[in-house]
Amino acid sequence: MKNFLWISSAIFILFTIAACNNTATIESQSIGDPELGREIFQDRYRTRCEGCHSLDGSEARGAPTMLGISETAGSRVPEMSASDYLQQSILDPSAYIVEGYEKQMPPYKVVKEVEVGQTGILTQEELNNLIAFLLTQ
Ligand code: HEC
């Protein structure tokens, strides 16, 4: 019995540690589906995010890299959460211009339905998935 108690508390502690390390992942998953968000980020026709933003730290495309954005997003604007900042960055990029960069990013629009051939638009669900994806980077 003693052994059982010891083992179950050890397991409990391990799970608690794992949960703490994963708070970013948990926050991200409650917003949307990061894997679907990756597809939207990499969509070469409708969003073209990856045409300007790298995921690997390189700044060669004239826009800040998304590597580490889950950390930076929460520290850009005082009192603004990472997810709110990401939403603002996508829908109203000129509200905050990252130092050292030009005002070049197009604002995206949330629509009820996506029409084939239209660019620069996202449904609310797609926007949430995109934010969830960025929160894993
Ligand atoms: C034509 C190039 C271009 C495209 C396309 C583009 N961006 Fe940007 N983006 C920029 C530039 C330049 C900046 C920095 C200037 C500013 O803050 O607006 C920026 C800033 C950002 C920031 C803030 C980064 C930071 O470090 O604070 C986020 C987040 C972002 N973009 C996400 C996206 C997402 C998601 C998409 C696709 C839906 C996208 N961008 C499409 C050029 C682009």
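Residues numbered from 1 in each chain as written. Predicted model: local features only at pLDDT ≥ 70, side-chain atom pairs only at ≥ 80, totals over all residues.

Trainee: I keep staring at the overall build of the chain and nothing clicks. Help me out?
Mentor: When helices and strands are tallied, the chain shows seven helices and two strands. Mapped in sequence order, the helices and strands of the chain form the string α-α-α-α-α-α-β-β-α. Residue burial in the chain is summarised as follows: out of 137 residues, 24% are buried. Residue pairs at least 24 apart in sequence account for 49% of intrachain contacts in the chain once pairs closer than 6 positions are excluded. (Helix = DSSP H or I, 4+ residues; strand = E, 2+ residues; numbered from the N terminus. Buried ≥ 20, exposed ≤ 12 C-beta atoms within 10 Å, placed from the backbone. Contact = placed C-beta atoms within 7 Å.)

Trainee: Quick question: what am I supposed to make of the site of the ligand here?
Mentor: If you check the shell around the ligand, you find 27 residues, and the closest are Cys49, Cys52, Ala63, Tyr101 and Met105. Listing elements by their share of the shell around the ligand, those giving two or more residues are α4 (49–52), α5 (69–72) and α6 (82–91). Taken together, the residues of the shell around the ligand break down into 16 nonpolar, seven polar and four charged. (Near = placed C-beta within 6 Å. Nonpolar A, V, L, I, M, F, W, Y, C, P; charged D, E, K, R; others polar.)

Trainee: When you look at the nonpolar core in this model, what are you seeing that I'm missing?
Mentor: Most often, soluble globular proteins have nonpolar side chains that are buried together. If you look at the biggest cluster of nonpolar residues, it comprises 19 residues, and the most contacted ones within it are Leu86, Leu130, Ile131, Leu134 and Leu135. The set of elements that each furnish at least two residues to this core consists of α6 and α7 (124–134). In terms of residue count, α7 provides more of this core than any other element does, six residues in total. (Core = buried A, V, L, I, M, F, W, Y, C linked by C-beta atoms within 7 Å.)

Trainee: Just to check I follow, could you spell out the packing of helix α3 (residues 34–41) against α7 for this structure?
Mentor: Geometrically, a packed helix pair is captured by the angle between its two axes and the distance between the axes. At a closest axis distance of 7 Å, the pairing of α3 and α7 adopts a crossing angle of 100 degrees. Classified by the angle between their axes, α3 and α7 sit roughly perpendicular to one another. Touching Pro34, Leu36, Gly37, Arg38, Ile40 and Phe41 of α3 are Glu126, Asn129, Leu130, Ala132 and Phe133, all from α7. Among the residues forming the contact of α3 with α7, the class breakdown is seven nonpolar, two polar and two charged. (Axes fitted to C-alpha atoms, helices over the stretch in contact; angles between N-to-C directions. Parallel < 35°, antiparallel > 145°, perpendicular 65-115°, else oblique.)

Trainee: Can you help me understand the environment of Arg61 in this one?
Mentor: Relative to the helices and strands, Arg61 resides in the loop between α4 and α5. Those residues in contact with Arg61, other than ones at most four positions away along the chain, are Gly51, Cys52, His53 and Ser54.

Trainee: Sorry, what's going on with α3 here?
Mentor: Given 3.6 residues per turn, any residue in an α-helix points the same way as the ones three and four places further on. Every buried residue belonging to α3 is among Pro34, Gly37 and Phe41, and all of these are buried. Mapping the buried residues of α3 onto a view down its axis gives an arc of 50 degrees, with all of them on the same face. (Arc of directions from axis to C-beta.)

Trainee: How should the packing of α6 against α7 be read in this particular structure?
Mentor: Axis separation between α6 and α7 bottoms out at 10 Å; the angle between their running directions is 120 degrees. Relative to α7, α6 is oriented oblique. In this structure, α6 crosses over α7, and the sense of that crossing is right-handed. Touching Ser83, Leu86, Gln87 and Ile90 of α6 are Leu127, Leu130, Ile131 and Leu134, all from α7. (Left-handed = near helix turned anticlockwise from the far one by under 90°.)

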